[in-house]
Amino acid sequence: MEQERIALAAAVFFPMAAGIVSYIIGKKSKKLRDRAVSLTAIAEFILTAVIALQYGAAGGSFTIPGACGFGLHFTADGFRTLYGAIAAFMWMMTSLFSEEYFAHYRNRNRYYLFQLVTLGATEAVFLSADLYTTFIFFEVMSLASYVWVAQDERKESLRAAATYLAVAVIGGLVMLMGLFLLYQQAGTLTIRELYDACRGKNVYPAALCLFFGFGAKAGAFPLHIWLPKAHPVAPAPASALLSGILTKTGIFGILVISCQILFHDGVWGTFVLLTGVLTMAAGAVLLLLPSGGRDSPGEEPPAQEEGAAFDLEAFEKKLERTLSQIEGAGEAQVVLTLDGGSRQVLARNQDRDGEGGGANTVVTVGKGSGKQDVVPLQTVAPEFRGALVVCPG
């Protein structure tokens, strides 16, 4: 019994503590920090797998009495531990991939800190025994993952991050109102007790408020507005976790509502079904419609006409912002090949946080090969196809 409590506590708080430690390590050694983050993610997956296999059927529990007023309550059963193990596996894989992916990024220390804090909060959401604990760590998860979207600090990223945070905050406030209404009707927020406590009670207003909060994270229409903005600007490992795991915390909450609060309720089931169908249909329709001047699916980007005017100054500014995210770019020589010939652009970049060196970097438009790092060209100039190939100087 004591081992179960220790395992559950470690699954939640070990990644958070490791995030702080890795941040401190990163001030001294970046390579050692990268290893520490990867080892933390591997250890967390092993721990959650052991919890799922050994304690999932027994349904162990862990409580921190008095924390946040009502106390924090965690439990392990087959469904929760399965979700937790899948989340830890995704974190492990993206952490192993991140070391190479972020090799030329700034602010890696900050990213890894919030990556591990979000891991602990996500595990807490899946292992929570009551909706109050779910709410506390759901908000921690949302606030910590905001940093992922804003990681490269470009104007587009900050705008998308602001949208993400706004939806998260509004969804959290509505969810909190749902908890008030639910507690008034049922007298408990313990998930296992909700089915009996809610029978014969009018819990539809509470369920709708909770659905709003969880649906915002799950990307349910029309609360999906953060998804198409956040995914393109977030780093690839973060984008994978946003779509693969964080949206599933919203689905987890909707399952709690549907299976514990309004189980076998035909009206509620129809509402959830229609919301799901509308989300899928709206996504398909919006995908087919041109939006904001962007190309439709399958449509080739417009080619640069020979002799057409090319705004060299605007391209240089966009390029400079992109190079500012590449460690070691220093001063870069850029060779841009157009139909009318070749031109050279000199873009300067100042390394602002000391993560990179001052070596020169040659950047060309084309395909990457070998150990060259490829930056999508559309992040600099959407009117061109190809990629910026960053060759270490």
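The numbering scheme is per chain: residues are counted from 1 as the chain's sequence reads. Per-residue local features of the predicted model are confined to residues with pLDDT of at least 70, and side-chain atom pairs are confined, for both listing and counting, to 80 or more; whole-chain, interface and lining totals are unaffected and use all residues. Excluding hydrogens and water, the side-chain figures rest on all heavy atoms present in the structure.

Some remarks on the overall build of the chain
We count it as follows: Helix and strand assignments come from DSSP, with helices taken as H or I runs of at least 4 residues and strands as E runs of at least 2, each series counted from the N terminus. Three labels apply to residues, based on accessible area from a 1.4 Å probe with only protein chains included: buried if under 20% of the type maximum, exposed if over 50%, partly exposed otherwise in between. Here, two residues are considered to be in contact whenever any of their heavy atoms come within 4.5 Å of each other. All accessible-area figures derive from a Shrake-Rupley calculation using a 1.4 Å probe, and residue coverage is judged against the displayed protein chains alone.
Scanning the chain for helices and strands turns up twelve helices and seven strands. Out of the 393 residues in the chain, the part that is buried amounts to 48%. Relative to all contacts within the chain whose residues are 6 or more apart in sequence, the contacts with residues 24 or more apart total 74%. Of the accessible surface of the chain, which amounts to about 18800 Å², a share of 64% is contributed by carbon and sulfur atoms.

Some remarks on the packing of aromatic side chains
As a reminder, the rule being used: Note on aromatic pairs: the rings of Phe, Tyr and Trp (six-membered ring only in Trp) are paired at centre separations within 6.5 Å, and the planes decide the class, stacked below 30 degrees, edge-to-face beyond 60, tilted for the rest. Counted as over-ring charges are cases with an Arg CZ or a Lys NZ within 6 Å of the ring centre that also lie within 35 degrees of the ring normal.
Under the definition given, this model contains 20 aromatic pairs. Among the aromatic residues, ring-to-ring pairing joins Phe 13, Phe 62, Phe 74 and Phe 137 into one connected group. Here the guanidinium or amino end of Lys 217 rests over the ring plane of Trp 226, the centre of that ring lying 5.9 Å away.

Some details on the pattern of salt bridges
Note the following rule: Salt-bridge detection follows one rule: a side-chain nitrogen of Lys or Arg within 4 Å of a carboxyl oxygen of Asp or Glu.
On inspection of all chains with the given rule, the structure shows three salt bridges. Put simply, Arg 80 and Asp 77 hold a salt bridge, and the shortest N to O gap is 2.5 Å. Of the two residues, Arg 80 and Asp 77, both sit in the buried class.

A closer look at the packing of helix α3 (residues 78-101) against helix α10 (residues 236-261)
Put simply, the rule reads: Think of each axis as a best-fit line through the C-alpha atoms, taken over the contacting stretch in the case of a helix, with angles from 0 to 180 degrees between the N-to-C directions. Just so you know how the angles are binned, under 35 degrees is roughly parallel, over 145 roughly antiparallel, 65 to 115 roughly perpendicular, and the rest oblique. The sense of a crossing depends on the near helix, which, turned anticlockwise from the far helix by less than a right angle, makes the crossing left-handed and, turned clockwise, makes it right-handed. Here the nonpolar group is Ala, Val, Leu, Ile, Met, Phe, Trp, Tyr, Cys and Pro; Asp, Glu, Lys and Arg are the charged ones; every other residue, Gly included, is treated as polar.
Put simply, α3 and α10 touch, their axes get as near as 9 Å, and they point 170° apart. If you check the angle between α3 and α10, you find them roughly antiparallel. Note that α3 runs across α10; the crossing there is left-handed. On α10, the residues touching Phe 79, Arg 80, Tyr 83, Ile 86, Ala 87, Met 90, Trp 91, Thr 94, Phe 97, Ser 98 and Tyr 101 of α3 are Ala 236, Pro 237, Ala 240, Leu 241, Gly 244, Ile 245, Leu 246, Lys 248, Ile 251, Phe 252 and Leu 255. Taken together, the residues that form the contact of α3 with α10 break down as 17 nonpolar, three polar and two charged.

Overview of helix α11 (residues 266-288)
Defined as follows: Given a helix with a known number of residues, its expected span is that number minus one, times 1.5 Å. Polar contacts, as counted here, are pairs of nitrogen or oxygen atoms within 3.5 Å of one another; within protein the pair requires one atom able to donate a hydrogen and one able to accept it, and residues that are adjacent in sequence qualify only if both atoms are side-chain atoms.
Compared with the 33 Å implied by 1.5 Å per residue over 23 residues, the 33 Å span of α11 between its first and last C-alpha is a close match. Within α11, the full set of buried residues consists of Trp 268, Thr 275 and Ala 282. Tucked into the core, α11 has its buried residues touching α8 (204-218) and α10. Between a side-chain oxygen at the N-terminus of α11 and the backbone nitrogen of Val 267 the separation is 3.1 Å; the capping residue is Asp 265.

Notes on the packing of helix α1 (residues 2-26) against helix α4 (residues 108-127)
The N-to-C vectors of α1 and α4 enclose an angle of 175°; their axes lie 8 Å apart at closest approach. Comparing their axes, α4 and α1 come out roughly antiparallel. Counting all contacts with α1, which are made through Leu 8, Ala 11, Val 12, Pro 15, Met 16, Ala 18, Gly 19, Ile 20, Ser 22, Tyr 23 and Gly 26, the residues of α4 involved are Asn 109, Arg 110, Leu 113, Leu 116, Val 117, Leu 119, Gly 120, Ala 121, Glu 123, Ala 124 and Leu 127. Its residues assigned to classes, the contact of α1 with α4 shows 15 nonpolar, five polar and two charged.

Focus on a nonpolar patch on the surface
Cut-off, in case you're wondering: In this scheme, patches are assembled from residues that exceed 30% relative accessible area and form no salt bridge. Like charges are connected within 9 Å, while nonpolar side chains (Val, Leu, Ile, Met, Phe, Trp, Tyr) are connected within 5 Å.
Nonpolar side chains collect at one region of the surface, where Phe 79, Ile 251 and Leu 255 lie side by side and expose about 230 Å² of accessible area between them. The topology assignment puts Leu 255 in helix α10. Here Leu 255 falls in the partly exposed class, since its relative accessible area comes to 33%.

Some points on empty space enclosed by the protein
Here is the rule: Both site types are read off a 1 Å grid over the protein atoms alone. A 1.4 Å probe that fits but cannot get out defines a cavity, while an open set with protein on both sides within 12 Å along at least five of seven lines defines a pocket; lining residues have an atom within 4 Å of a point. Grid points are joined across faces, edges and corners, and a volume is the space filled by probe spheres set on the points.
Taken as a whole, this structure holds two cavities of 30 Å³ or more when the rule is applied. When its volume is computed, the largest cavity comes out at roughly 70 Å³. As for the largest cavity, its lining consists of Phe 138, Glu 139, Ser 142, Tyr 164, Val 167, Ala 168, Gly 171, Gly 172, Gly 213, Ala 216, Lys 217 and Trp 226. Those elements giving two or more residues to the lining of the largest cavity turn out to be α5 (131-149), α6 (155-186) and α8. Ranked by the residues each element gives to the lining of the largest cavity, the list is headed by α6, at five residues. Counted by class, the lining of the largest cavity contains six nonpolar, four polar and two charged residues. What the second largest cavity holds in volume is close to 30 Å³.

What to know about the confidence of the model for the chain
Our working rule: Scored from 0 to 100, pLDDT records how confident the predictor is in each individual residue.
With 72% of its residues at a pLDDT of 70 or more, the chain has an overall mean of 75. Predicted confidence for residues 327-333 stays below pLDDT 50, and this span has 36 contacts to residues more than four positions away or in other chains. Confidence over residues 337-393 falls short of pLDDT 50; this stretch has 139 contacts with residues more than four positions distant or in other chains.

A short note on the environment of Thr 163
For Thr 163, the position within the fold is in helix α6. Separated by 63 residues in sequence, Thr 163 and Trp 226 place their C-alpha atoms 5.8 Å apart.

Re the nonpolar core
Nonpolar side chains in soluble globular proteins tend to end up buried together. Which entries qualify depends on this criterion: Residue types Ala, Val, Leu, Ile, Met, Phe, Trp, Tyr and Cys, when buried and joined through side-chain atoms within 4.5 Å, form a set referred to as a nonpolar core.
Core analysis: the biggest nonpolar cluster contains 77 residues, and Leu 131, Phe 137, Leu 182, Leu 210 and Ile 261 have the highest contact counts within it. Tallying contributions element by element places α10 first for this core, with ten residues.

Observations concerning unusual backbone geometry
The linkage connecting Phe 221 with the following residue, Pro 222, adopts the cis geometry, with an omega of 5°. With respect to the secondary-structure elements, Pro 222 resides in the loop between α8 and α9 (227-233). The backbone of Cys 68 shows a phi angle near 60°, a positive value even though the residue is not glycine. Inspection of the secondary structure assignment puts Cys 68 in the loop between β1 (61-64) and β2 (72-75).

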